[in-house]
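Descriptive structure summary
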Amino acid sequence: MFIPPNHKVRKVGRFLEALMENAQKAWNLGEHASIDEQVVLCNSRKCSYKQVLKHKKDNGILLYSVNDPVTGYTFAFEADRRNNEEGGRPGFAMRLCKYISGEWRRVWMDSAFPTIRGLEAMYDMGIYGGGTIKHIMGFPAELDELKRGMGDKNPVLKKGEYEWRMAPMKAKADGTERKAAFTAVIWHDVGYAKIITTCHQPNATMVKRRQSGVQGRVDRPCLESISEYNKNMGGTDQCDQLRHYNTTQRKTVKWWHALFFWALDVASGVNAYTEYQYDYIKHNGSNRGILTTQKFVSSIADDLLGEPQGNTKKRKRSEQVDNHIAVDGKPKVRCEEKGLMDCPKRNCALCYRKSKKSKKQLPVRTACDGCNSALHAKCYNEWHKLYCPVVAEQGEP
């Protein structure tokens, strides 16, 4: 029996799978999609899913997701359970591609995911793949040799120059030919970009790039595959940006709480807001008057919490009740009839009033049982004769 990968995540697996199923029912991906990783903040020492990420700002649980490159909509995802049988990051990419197969979309990935065999398998599923690639994953050696160090003063490729190669895909195991071909290119920009795709011809185009010492951006020649990669690779980064605007994510010792917070942010701040934007513009013709992300997420929170119960008015600060005066205004009790009682440590009321160095006063543990003023025994009579508010209101006995 097939078990969805997210079901294998302890405690919240079925919840994550239900979230992904609803996301796929509510949205249709366009021609392009991107696959990348997301980090769920987690500070638990007992979570086997947590990873130490030296290339990231925080440690946590990794999730790999398929995102819309324009809106950041999370269409499918899978949690990394650190299982060696999962095939590494190329294996995650292949499993995620099954959710978007058959419609010849163009899926873009960074260098951690593409392999030559993986791109061939994606083509068999009806997906064009592309992205940056490492030389050990199948990038042509003759192109990789053109790469030079950043300090090289005489590089083979000047900035803005590129070299490319094309090669046909191998036939399937049953002898059926694949009609697509690989296009590999190395491009010298700030550094060297090595990209391979299965859906592009080596057509030249121009991109806007920043250049040191030049105000604004300058045109720099490249291939169409590089231009499309730059435009469509940022879907997961867009999702991260949106869910961090009004995030509920916190570092937590209970690791399943971290996954729940992540799911709540994606469902409300990314996916639901994307659908709201689409419906609003469709019915109104423009985005004028549309809610901001903060107001939209706040409205969802209000709907989930429901109507407030009971008295919601702010409680006024209770007025100080003088227990020395009765309701009819007649004196109820006099301080002289009470005496001192034990109390928590406080400053003596008389010494505090007289001294200019109140912070250095020795605290006392006795107070008047009538006016509740903390007092030394020697200060009792002087305080009630000169300063006690109760005696002043009641008058001298």
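Before reading on, note that the structure itself is shown above.
Just so you know, these numbers come straight off a predicted model, no measurement behind them.

1. Remarks on the overall build of the protein chain
Across its full length, the protein chain holds 11 helices and 12 strands. When each of the 397 residues of the protein chain is scored for burial, the buried share is 43%. Taking as baseline every contact in the protein chain between residues at least 6 positions apart, the subset at least 24 positions apart corresponds to 58%. In the structure as shown, the protein chain presents an accessible area of about 24000 Å², 49% of it carried by carbon and sulfur atoms.

2. Side note on the nonpolar core
Core analysis: the largest hydrophobic core is formed by 62 residues, its most contacted members being I35 and L259. Per-element tally for this core: the top contributor is helix α7 (residues 255-284), with seven residues. Ignoring any residue separated from it by four or fewer positions in sequence, one finds L259 in contact with V9, V12, L16, V40, I61 and L63.

3. Re the packing of helix α1 (residues 13-26) against α7
At a minimum axis separation of 11 Å, α1 and α7 run at an interaxial angle of 10 degrees. Relative to α7, the element α1 is oriented roughly parallel. When α1 is examined against α7, the residues F15, L16, L19, A23 and A26 are found in contact with a partner set consisting of L259, F260, W262, A263, A267, N271 and E275. Tallied by class, the residues present in the contact of α1 with α7 amount to 10 nonpolar, one polar and one charged.

4. With respect to the sheet that holds strand β5 (residues 127-132)
One open sheet holds the eight strands; their spatial order is β3-β2-β1-β4-β5-β8-β7-β6, and the pairing between them is mixed. Sheet topology places β3 (74-79) and β6 (162-168) at the edges, where each strand pairs with a single neighbour. Each strand axis lies, on average, 20 degrees off the axis of its neighbour in the sheet, ignoring direction. Where strand β1 (residues 32-41) lies against strand β2 (residues 60-67), eight bridges are found, and the strand directions are antiparallel. Looking at the pairing, Q38 lines up with L63 of β2. Lying over the sheet, α7 contacts β1, β2 and β3, oriented at roughly 140 degrees with respect to β1.

5. With respect to the packing of α7 against helix α8 (residues 293-305)
Remark: α7 packs on α8, axes separated minimally by 10 Å, with the N-to-C direction vectors making an angle of 105 degrees. Comparing their axes, α8 and α7 come out roughly perpendicular. Where α7 approaches α8, its residues S268, G269, A272, Y273 and Y276 are matched on the opposing element by T293, F296, V297 and I300. Residue classes in the contact of α7 with α8 are distributed as six nonpolar, three polar and no charged.

6. Section: helix α3 (residues 116-124)
Among the residues making up α3, those that are buried are I116, G118, L119, E120, M122 and Y123. Remark: G126 follows α3 within two positions and exhibits a positive phi of approximately 85 degrees.

7. Thoughts on the environment of N203
Along the chain, N203 turns up in the loop between β8 (192-197) and β9 (204-210). Sequence spacing of N203 and C222 is 19 residues, and the spatial spacing of their C-alpha atoms is 8.6 Å. Leaving out residues up to four positions away in the same chain, N203 has contacts with C222, L223 and E224.

8. Looking at the packing of aromatic side chains
For the structure on display, the rule yields 17 aromatic pairs. Ring geometry for W27 and Y278: centres 5.8 Å apart, planes at 85 degrees, overall edge-to-face. Note that W27 is positioned in the loop between α1 and β1 and Y278 in helix α7, a separation of 251 residues in sequence. Members of the aromatic cluster, each reached through a chain of ring pairs, are Y273, Y276, Y280 and F296. The side chain of K11 reaches across the aromatic face of W256, ending 4.4 Å from its centre. Above the face of the F92 ring, R95 is positioned so that its terminal group lies 4.8 Å from the ring centre.

9. Examining the pairing of β5
With respect to burial, β5 is a largely interior element, five of its six residues being buried. Across five bridges, strand β4 (residues 105-109) lies against β5 in parallel orientation. Along β5, the bridge assignment pairs W108 with G130. In this fold, β4 hands off to α3, which returns the chain to β5; that crossover is right-handed. Strand direction decides the pairing type here: β5 and β8, joined by three bridges, are antiparallel. The residue of β8 that forms the bridge with G131 is I196.

10. What about unusual backbone geometry?
Trans is the prevailing form of peptide bonds, just as negative phi is the prevailing case for residues other than glycine. With a phi close to 75 degrees, K11 is a non-glycine residue in the positive phi region. Inspection of the secondary structure assignment puts K11 in the segment before α1.

What counts, and where the lines are drawn
Residues numbered from 1 in each chain as written. Predicted model: local features only at pLDDT ≥ 70, side-chain atom pairs only at ≥ 80, totals over all residues. Heavy atoms only, no water. Helix = DSSP H or I, 4+ residues; strand = E, 2+ residues; numbered from the N terminus. Buried < 20%, exposed > 50% of the residue type's maximum accessible area, 1.4 Å probe, protein only. Contact = heavy atoms within 4.5 Å. Areas by Shrake-Rupley, 256 points an atom, 1.4 Å probe, with all protein chains shown as cover. Core = buried A, V, L, I, M, F, W, Y, C linked by side-chain atoms within 4.5 Å. Axes fitted to C-alpha atoms, helices over the stretch in contact; angles between N-to-C directions. Parallel < 35°, antiparallel > 145°, perpendicular 65-115°, else oblique. Nonpolar A, V, L, I, M, F, W, Y, C, P; charged D, E, K, R; others polar. Pairing = 2+ DSSP bridges. Phe/Tyr/Trp six-rings, centres within 6.5 Å; stacked < 30°, edge-to-face > 60°. Lys NZ or Arg CZ within 6 Å of the ring centre and 35° of its normal. Right-handed = clockwise from strand over helix to strand, strands pointing away.

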